[in-house]
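Here are the chains, one letter per residue:
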Amino acid sequence: MPTLYWLQHGGCGGDTMSFLNVESPDLPDLLDDLGIRVLWHPSLTDTAPGERQALEDRILADETPLDILVVEGSVVQGPDGTGLFDTHRGRPKRDFAAALARRARYVVAAGTCAAFGGFGVDDVMDATGLQFRREAPGGLLGEGFRSRAGWPVVNLAGCPCHPEVVSGTLTALVNGTPLELDSYQRPREWYGMMVHQGCSRNEYHEYRVEEEEFGHKGCLFFHKGCHGPLVGGPCNVLLWNRRSSKTRAGVPCFGCTSPAFPQPFPFFQTRNIEGVPVDLPMGIDRAHYMAYKTMAAAAAPARLTHRRTKV
Ligand code: SF4
Ligand code: SF4
């Protein structure tokens, strides 16, 4: 029976909240189907503190096997590199995380904070991710880290990570299904598609029909800060709660699956130079993009340009 330990670091607990809402199957059925024994999870186990310590000692002594370690939240290294802002049993929690990671068959970072540091990288928390600090390889465990099964940390980016990405990853690990990872160690299955894919506003993007006022139909890329064509993620394909997504609800994608998240500039604005976004859709050439968008805007059909329908 595969075992799982879920460790929370500096964060909001959002990845736990997201995972608790997994559907088809729901969480109890998922754990039953996969035969996972949850050794510890802050919301799923009722282990007394003394029993938890004994359990941790047995894992660290290699007496209780640890198959999957899931880490949520950024690893806190402050103040001044001591790690004492976030402790476990009187010692920096980062040391406990590193010791558990060395005993686990697989290590999974749930959410952008655990994967890349997220919030707190640039402030007094001096946060980092498990194997990256923003885009730079390294993090807590170092670039060369491999779990006992020979895997790097599997990064399930997102703020929070989509629950079906967590359940799909656990299913793959337990069943021994290969997971192809991208250069930031995110499974290509879910991060190989753009958030833009499947957005209900794609036709508006195509003809550069722009949202100028929230609450109308139109693309949010040109003025409202949407990162949909800039970052990978399954939000408009899996959908959230099986029915919606930020962009479908009229909110720009903030690019939370990117190692650079959160950005240091405002979320609801698109940075632009003379009306052309600074950050263009991934892989596109600026000169061709400008020519294409000018022509596309000129060719936009009236049924789109005259849209006034509220979303
Ligand atoms: S709102 Fe964002 S995700 Fe949707 S079509 Fe526009 S750029 Fe793409
Ligand atoms: S739409 Fe963008 S910001 Fe929202 S959850 Fe998806 S990737 Fe993150």
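Residues numbered from 1 in each chain as written. Chains lettered and ligands numbered in written order. Predicted model: local features only at pLDDT ≥ 70, side-chain atom pairs only at ≥ 80, totals over all residues.

This part is about helix H3 (residues 49-60). Given a rise of 1.5 Å per residue, twelve residues ought to cover 16 Å, and the 17 Å separating the end C-alpha atoms of H3 matches this to within 8%. In the stretch just after H3, aspartate 62 is the one whose phi turns positive, near 65°. (Helix = DSSP H or I, 4+ residues; strand = E, 2+ residues; numbered from the N terminus. Expected span 1.5 Å × (residues − 1).)

Turning our attention to the domain arrangement of the protein. Under the domain assignment used here, the protein contains domain 1 (3-191) and domain 2 (194-311). Computed from C-alpha coordinates alone, the two centres of domain 1 and domain 2 are separated by 32 Å. The interface is formed by 17 residues belonging to domain 1 together with twelve residues belonging to domain 2. Elements with a contribution of two residues or more to the side of domain 1 that touches domain 2: helix H5 (112-116), helix H6 (163-175) and helix H7 (188-191). Grouping the amino acids of the side of domain 1 that touches domain 2 by side-chain chemistry returns nine nonpolar, four polar and four charged. (Domains from an automatic or database assignment. Contact = placed C-beta atoms within 7 Å. Nonpolar A, V, L, I, M, F, W, Y, C, P; charged D, E, K, R; others polar.)

Here the focus is H6. The terminal C-alpha atoms of H6 lie 18 Å apart, and with 13 residues this matches the ideal 18 Å at 1.5 Å per residue to within 8%. Of the positions making up H6, those classed as buried are Pro163, Glu164, Val165, Val166, Ser167, Gly168, Thr169, Leu170 and Leu173. The secondary structure elements touched by the buried residues of H6 are helix H1 (14-20), helix H2 (27-34), strand S3 (66-72), strand S6 (104-110), strand S9 (154-156) and H7. Note on H6: the residue one or two positions beyond its end, glycine 176, has a positive phi of about 70°. (Buried ≥ 20, exposed ≤ 12 C-beta atoms within 10 Å, placed from the backbone.)

Around ligand 1, the structure places 14 residues, and the nearest of them are Cys199, Cys219, Phe221, Cys226 and Gly228. Its residues assigned to classes, the shell around ligand 1 shows eight nonpolar, five polar and one charged. (Near = placed C-beta within 6 Å.)

Here glycine 233 lies in the loop between helix H8 (202-206) and strand S10 (272-273). Spatially, the C-alpha atom of glycine 233 lies 29 Å from that of arginine 102, the residues being 131 residues apart in sequence. Ignoring sequence-local partners within four residues, the contact set of glycine 233 consists of Gly158, Trp190, Tyr191, Val195 and Thr257.

To continue, consider the sheet that holds S3. Strand order in the open sheet made by the five strands is S2-S1-S3-S6-S9, with parallel pairing throughout. Two strands bound the open sheet, and with one partner strand each, they are strand S2 (37-40) and S9. Ignoring which end each strand starts from, the neighbouring axes of this sheet average 25° apart. Looking at chain direction, strand S1 (residues 3-8) and S2 are connected through three bridges and run parallel. Each residue of the ladder has a partner; that of tyrosine 5, found in S2, is tryptophan 40. Contacts from helix H4 (residues 93-103) reach S1, S3 and S6, with the element oriented near 145° to S3. (Pairing = 2+ DSSP bridges. Axes fitted to C-alpha atoms, helices over the stretch in contact; angles between N-to-C directions.)

Along the chain, methionine 193 falls in the loop between H7 and H8. Measuring from C-alpha to C-alpha, the distance between methionine 193 and arginine 89 comes to 41 Å, with 104 residues separating the pair along the chain. When near neighbours in sequence (up to four residues on either side) are disregarded, methionine 193 contacts Gly232, Pro234 and Val237.

With 42 residues, the main nonpolar core has Leu69 and Leu130 as its most contacted residues. Every element with two or more residues in this core is listed here: S1, S3, H4, S6, H5, S9, H6 and H7. At six residues, S6 tops the list of elements feeding residues into this core. Aside from chain neighbours lying at most four places away, what touches leucine 130 is Val71, Val75, Val107, Ala109, Ala114, Ala115, Gly139, Leu140, Leu141 and Val153. (Core = buried A, V, L, I, M, F, W, Y, C linked by C-beta atoms within 7 Å.)

Before going further, it helps to spend a moment on unusual backbone geometry. With an omega of -5°, the peptide bond between serine 24 and proline 25 qualifies as cis. Tracing the backbone through its elements, the reader meets proline 25 in the loop between H1 and H2. A cis amide bond links phenylalanine 261 with the next residue in sequence, proline 262, at an omega value of 0°. The residue proline 262 is located in the loop between H8 and S10 in this model. The phi dihedral of aspartate 126 falls on the positive side, at around 50°, and the residue is not glycine. Locating aspartate 126 in the fold gives a position in the loop between H5 and strand S7 (132-133).

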